[in-house]
Amino acid sequence: SMSSMSSSSMSCSLIIFMLALIFFHSTEYLLSRVVHARGELLLSFPYLVAMSLALVEFTVESFLLTSYKKRVLSLVSTLGITMVLFGELMRKAAIIHAQKAFTLQVQTRKRQEHALITTGIYRDVRH
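Right, let's walk through the structure included here. Small disclaimer: the values here were computed from a predicted structure and weren't measured. (Residues numbered from 1 in each chain as written. Predicted model: local features only at pLDDT ≥ 70, side-chain atom pairs only at ≥ 80, totals over all residues. Heavy atoms only, no water.)

Before going further, it helps to examine the pattern of salt bridges. Overall, the coordinates contain four salt bridges when judged by the stated rule. Among the salt bridges present, the one from R91 reaches E28, with a minimum N-O distance of 2.8 Å. With a gap of 63 residues between them, R91 in helix α3 (residues 66-98) and E28 in helix α1 (residues 2-36) connect regions that are remote in the sequence. Its relative accessible area of 26% is what places R91 among the partly exposed residues. (Salt bridge = Lys/Arg side-chain N within 4 Å of Asp/Glu carboxyl O. Helix = DSSP H or I, 4+ residues; strand = E, 2+ residues; numbered from the N terminus. Buried < 20%, exposed > 50% of the residue type's maximum accessible area, 1.4 Å probe, protein only.)

Here we come to empty space enclosed by the protein. Enumeration according to the criterion identifies one cavity of 30 Å³ or more in this entry. The computed volume of the largest cavity comes to approximately 30 Å³. In terms of lining residues, the largest cavity is bounded by E28, L31, S32, H36, I95, F102 and L104. Looking at the lining of the largest cavity element by element, the count peaks at four residues for α1. Looking at the lining of the largest cavity residue by residue, the classes come out as four nonpolar, two polar and one charged. (1 Å grid on protein atoms, 1.4 Å probe; cavity = no way out; pocket = protein on both sides within 12 Å on 5 of 7 lines; lining within 4 Å. Points joined across faces, edges and corners; volume = space filled by probe spheres on them. Nonpolar A, V, L, I, M, F, W, Y, C, P; charged D, E, K, R; others polar.)

Tracing the chain through its elements places S32 in helix α1. When the C-alpha positions of S32 and I96 are compared, they lie 9.7 Å apart, and in sequence the two are 64 residues distant.

Next up on the list: the nonpolar core. Core analysis: the largest hydrophobic core is formed by nine residues, namely L31, V35, A94, I95, A98, A101, F102, L104 and Y122. If you list the elements that add at least two residues to this core, you get α1 and α3. No other element matches α3, which puts three residues into this core. Those residues in contact with F102 that sit more than four places away from it in its chain are H36, R91, A94, I95 and Y122. (Core = buried A, V, L, I, M, F, W, Y, C linked by side-chain atoms within 4.5 Å. Contact = heavy atoms within 4.5 Å.)

Once that is clear, we can look at a nonpolar patch on the surface. A cluster of nonpolar side chains, namely V56, V60, F63, L64 and L65, defines an oily patch on the protein surface of about 520 Å² accessible area. The topology assignment puts V56 in helix α2 (residues 45-64). Judged by relative accessible area, V56 falls into the partly exposed class, the value being 48%. (Patch = residues over 30% accessible without salt bridge, like charges linked within 9 Å, V, L, I, M, F, W, Y side chains within 5 Å. Areas by Shrake-Rupley, 256 points an atom, 1.4 Å probe, with all protein chains shown as cover.)

Written as structure tokens, this is what we have:
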């Protein structure tokens, strides 16, 4: 039926979203263990609020925009997954290349051992 097909598509989208989050956080944790010899998770209160609101948004859209989301879901999902994978590859390359100069927490003061990295991915892309 139409509603079960829509429900199935929405469930698939939610599963992909959750898998992307799990992949992001587990690889961040593992790289933090390898690079900094300690595991850090990016689970601050503002982050948890943002993720909760993302799930609320997803749920509301699923009920209110079912036919629209069904029409564009395939294209948007493919584009979104491609962007997530590309972004993750860039971020992981940055972490691996910068080694100890990369931190998960924003730094407000320069640490003595910190060095500006201008090679590798940092040669072309900086924030």
